[in-house]
Number of protein chains: 4
Amino acid sequence: MNEEITQEAATPSVELLPYYRQAKYYETDQMAVVHHSNYIRWFEEARVDYLEKIGLGYDTIEAAGIYSPVLEVHCQYKSAVRFNETVMIKAVLKSFNGIKMKIGYEVLDAATKQVRAIGETDHCFVTTDFRPASLKKNHKDFYDILIKCVGVEVE
Amino acid sequence: MNEEITQEAATPSVELLPYYRQAKYYETDQMAVVHHSNYIRWFEEARVDYLEKIGLGYDTIEAAGIYSPVLEVHCQYKSAVRFNETVMIKAVLKSFNGIKMKIGYEVLDAATKQVRAIGETDHCFVTTDFRPASLKKNHKDFYDILIKCVGVEVE
Amino acid sequence: MNEEITQEAATPSVELLPYYRQAKYYETDQMAVVHHSNYIRWFEEARVDYLEKIGLGYDTIEAAGIYSPVLEVHCQYKSAVRFNETVMIKAVLKSFNGIKMKIGYEVLDAATKQVRAIGETDHCFVTTDFRPASLKKNHKDFYDILIKCVGVEVE
Amino acid sequence: MNEEITQEAATPSVELLPYYRQAKYYETDQMAVVHHSNYIRWFEEARVDYLEKIGLGYDTIEAAGIYSPVLEVHCQYKSAVRFNETVMIKAVLKSFNGIKMKIGYEVLDAATKQVRAIGETDHCFVTTDFRPASLKKNHKDFYDILIKCVGVEVE
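Residues numbered from 1 in each chain as written. Chains lettered and ligands numbered in written order. Predicted model: local features only at pLDDT ≥ 70, side-chain atom pairs only at ≥ 80, totals over all residues. Heavy atoms only, no water.

J.: Can you walk me through the packing of aromatic side chains in this structure?
T.: What characterises a pair of aromatic rings is the spacing of the ring centres plus the angle enclosed by the ring planes. Per the counting criterion, the structure on display carries 36 aromatic pairs over all chains. Measuring from centroid to centroid gives 6.3 Å for Phe83(A) and Tyr58(C), while their planes differ by 65 degrees, and the two rings are edge-to-face. Remark: Tyr58(C) occurs in helix α3 (residues 58-63) and Phe83(A) occurs in the loop between β3 (70-77) and β4 (86-96); the pair is interchain, linking two chains. Each member of the pair Phe83(A) and Tyr58(C) is classed as buried. On the basis of an interplanar angle of 65 degrees and a centroid distance of 5.6 Å, the ring pair of Phe96(A) and Tyr143(A) is categorised as edge-to-face. Highlighted residues: Phe96(A) in strand β4 and Tyr143(A) in helix α5 (residues 140-150), separated in sequence by 47 residues. (Phe/Tyr/Trp six-rings, centres within 6.5 Å; stacked < 30°, edge-to-face > 60°. Helix = DSSP H or I, 4+ residues; strand = E, 2+ residues; numbered from the N terminus. Buried < 20%, exposed > 50% of the residue type's maximum accessible area, 1.4 Å probe, protein only.)

Next up, the structure:
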C-alpha cells in the first residue's frame, strides 16, 4: 500500500446512507417470513445503490462494456424478516485488488436495528463477452474510485 | 386462408404431451399457496415447452434474431396449488395471423385433474432491436409451422 | 346504493400518491428488459401501498383473519422497462360489491410519463381457512372504507 | 458416536440420483445468463428432492410441525448457466449433530459435466412457532434417518 494515501484521501467524499427496503408480500414463503433467497437479491439492490453513490452505477459500468459478475455469495441469517417490515442494508467495499472486489452487507431491521442477516459477495470484472477486464489499464476512472473507497489495494 | 389446407394437414404430426411442473417451496407465499405471479412464469415454461415440441424452441427463434415478447397476459385462478403438488399444463396455439399469436393455458392438478387456473398470452415477433419482424417474409419456416399448428390464419 | 352518498363523501379524504418503483437488475431477463411476470408483482406492491393509504393495509386485513386472494389478473404491456428506470404506478379501486373488488393499475415511466403497462386484478375475501368472508357482516369498517373509496356499490 | 455403526449401516439403502433442472427463461438476467440468486433456489429444490429420497420430505417434516430454516448459505459460481441448459445437482448431507445439519451441493452441466457452482447450506430445526426442536427427543425417526445418512454424529 502506498503510504501517502492518508485517512482523509481514503474516505469517500459523499456520506453513504444505508439502503432501505420494505419486504414484499411475494417475497414471503409458507413459513410466513421472507424466503432466504431474496436476501441475495437485496444484497444486489444494496450493492447497486452503494456503487451508484460512489460513482459506479451498474448502468455506467455496463455502458462501458463491463460486467461485474458475482463469483461467490455468502449469507448468514440471524433473524427473520416479515412482510411489510423495513430493513436497512449497509453495504461496504471490503476489498479491491484491481481484479476482484468484495462487498459486505449488514441487514438490520430499520426500526429496532436488530441484525437480520450479514453477508458478502465477491466480484470480478469482465467484458460483455465474459473476458477478464483490466480496470487499471482500460478504466482508470473506475479503478481510482474503487481504490479510494476501500482505502487500500489488497496485494 | 388457403382452402387446400385440410383438417389433416392442419393437425400437428407430433402428439403434444402436457407440461408437468412441481410447485417449489420458494414459490409459496404466507398464505401457504403458490403466489399468483408464479403462474405467469409457469405459462412461460409451458409455452417454451410447447413451442419446442412443434419445432419452434425459444433458442431456435432467438438464434434467428427473433424475440417474441408478451403483449398481454390474462390468468383466472380457480383453486390454489400447494407446495410439492404437481400440475399439468396444457398449452395450445389459439390463433396466429402472421403478426401476432395467442397461446392458451390450462393448469390442472396432475393427480385429480382439478382445474387450478386458465389463461392466455398474446405475443408479437420483433427483431433483437425490438423492430417488428415479418415471419412470412423473412422466416417462412417459422411461419409455416405456426400456421399449420393453429390450422387457420386469423384475418 | 344509498342516495345520500354524495360525491364529496365518496371521495377519499387522503390524496393518493402513486407508487414509485425502480426496476431491479434481477428483474431483467435476457431481452435486457424487465421480465413480464414482474409487473404482476409490481401490481401487488402498488395494491398493498394503495390499500394501506386508504386504511386497509394487508397486515391489518390479515390481522383480522382475512385474506384477499387474486381471482384474476390481466396485464397489457405497452413498452419495455429497463434496469434502473423508475416507474410510477397508479392503482385505483375500480369496483367493490361487498364480495369482490377490482383494482386497476397504470404503470408509467416516472420521468417521461410514457405508459409501460395497464392492468387489473380481481379479488375476493376469505377467512384464513379459505372460506368466503362477509365484510359487510363481520368487518363493517373494512366494508365502509371500500364502499367509500369506490363511491358506489356495484350490484 | 456409537461404535457399532458400521460403514455399511451408514450407507443409505437407496441409490441417490442427482436432481435435474432446466434453466428457465425468467431465470436469466440481462447478462443473458441465469441470475446468481436462482442458484440458491435450485439448492432448495435439490435439497427438497434429496431429503425426500432419504425419507424426509419437507411436507413430512412440516406435517410433524417442524421447520428447517436456512441459517447460512454459501455459493461459489464457477461458470454460467444459460437458458434451456440442463444442470444436474448433487446434494449430500455433509454433517448432522442433532441440532444442525449442513448440506452440500454441486451443480454440473448435465451434458458436459462442467462444474457450474458449488455450495452449502446450514439448517437448524424449529417448531412452527420458531422454537428450537429436538429431533432426538421428539422426532427420533427423523433423527435416525439423518444420523444414518451422514454416517457420523458430529460432536
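J.: What am I meant to see in the sheet that holds strand β5 (residues 100-109) of chain B here?
T.: Taken together, the ten strands give an open sheet; going across it, the order is β1(B)-β4(B)-β5(B)-β6(B)-β3(B)-β3(C)-β6(C)-β5(C)-β4(C)-β1(C), and neighbouring strands pair in antiparallel fashion. Lying at the two open borders of the sheet, with one neighbouring strand each, are β1 (19-22) of chain B together with β1 (19-22) of chain C. Taken over all neighbouring pairs, the strand axes of this sheet differ in orientation by 20 degrees on average, direction set aside. Pairing geometry for strand β3 (residues 70-77) of chain B and strand β6 (residues 115-124) of chain B, over seven bridges, is antiparallel. Residue Tyr77(B) lies in a different strand from β6(B), and its bridge partner there is Ala117(B). Against the sheet, helix α2 (residues 37-53) of chain C engages β3 of chain B together with β1, β3 (70-77), β4 (86-96), β5 (100-109) and β6 (115-124) of chain C, with an angle of about 115 degrees to β3(C). (Pairing = 2+ DSSP bridges. Axes fitted to C-alpha atoms, helices over the stretch in contact; angles between N-to-C directions. Contact = heavy atoms within 4.5 Å.)

J.: Quick question: what am I supposed to make of the pairing of β5(C) here?
T.: Remark: a regular strand shows side chains that alternate across the two faces of the sheet. Residues and elements named next belong to chain C. Of all the ten residues making up β5, seven are buried; the element is thus mostly covered by neighbouring parts of the structure. Pairing analysis gives nine bridges linking β4 to β5, with the strands arranged antiparallel. Pairing of leucine 93 across the sheet is with isoleucine 103, part of β5. Hairpin geometry of β4 and β5 is characterised by an intervening segment of three residues between the two adjacent antiparallel strands and by a positive phi of about 95 degrees at glycine 98. Looking at chain direction, β5 and β6 are connected through nine bridges and run antiparallel. What sits directly across from glutamate 106, in β6, is isoleucine 118. As consecutive antiparallel partners, β5 and β6 are separated by five residues, and within that stretch lysine 113 has a phi angle of approximately 65 degrees, a positive value.

J.: Would you mind going over the pattern of salt bridges with me for this structure?
T.: Pairing of side chains with opposite charge becomes possible as their charged atoms draw close. In total, this model carries 44 salt bridges over all chains according to the counting rule given. Here Lys53(C) makes a salt bridge to Asp49(C), at a shortest N to O gap of 2.7 Å. Separated by four residues within a single helix, Lys53(C) and Asp49(C) lie in helix α2, roughly one turn from each other. One salt-bridge network, in which partners are shared between bridges, spans Arg21(A), Glu27(A), Glu45(A) and Lys24(C). (Salt bridge = Lys/Arg side-chain N within 4 Å of Asp/Glu carboxyl O.)

J.: Would you explain the interface of chain B and chain D in this entry?
T.: A common way to report how large an interface is uses the accessible area buried once the components associate. Between chain B and chain D, the residue contacts involve 16 residues of the former and 16 residues of the latter. Surface buried jointly by chain B and chain D totals about 1500 Å² across both partners, of which 52% is contributed by carbon and sulfur atoms. One can count two salt bridges joining chain B with chain D. Where chain B touches chain D, the interface holds ten residue pairs in polar contact (both at pLDDT 80 or more). For the side of chain B that touches chain D, the elements supplying multiple residues, two or more each, are β1, α2 (37-53) and α3 (58-63) of chain B. In terms of residue count, the dominant contributor to the side of chain B that touches chain D is α2(B) (five residues). (Buried area = accessible area lost by both parts, 1.4 Å probe. Polar contact = N/O pair within 3.5 Å; in protein donor to acceptor, adjacent residues only side chain to side chain.)

J.: Explanation requested: the relation of the copies chain A and chain D in the structure shown.
T.: Two chain copies, one operation linking them: a rotation about an axis together with a shift along it. Laying chain A over chain D is done by rotating through 180 degrees and shifting 0.0 Å along the axis; what remains is an RMSD of 0.0 Å. Here the transformation between the copies is reduced to the relation of a two-fold axis. When each C-alpha of chain A is compared by its distance to the rotation axis, His74(A) comes out closest, at 2.2 Å. Here 100% of the interface residues in chain A have copies in chain D that are interface residues too; the copies meet face to matching face. (Least-squares fit on C-alpha atoms with pLDDT ≥ 70 in both.)

J.: For this particular structure, what's the right way to read the sheet that holds β4(A)?
T.: Hydrogen bonds between backbone groups are what pair the strands of a sheet, and the pairing can be parallel or antiparallel. Spatial strand order, β1(A)-β4(A)-β5(A)-β6(A)-β3(A)-β3(D)-β6(D)-β5(D)-β4(D)-β1(D): ten strands in an open sheet with antiparallel pairing. Two strands close off the open sheet at either side, each with one partner strand: β1 (19-22) of chain A together with β1 (19-22) of chain D. Pairwise comparison of adjacent strand axes, ignoring direction, gives a mean angle of 20 degrees for this sheet. In this fold helix α2 (residues 37-53) of chain D packs onto β3 of chain A together with β1, β3 (70-77), β4 (86-96), β5 (100-109) and β6 (115-124) of chain D, with an angle of close to 115 degrees to the strand it touches most, β3(D).

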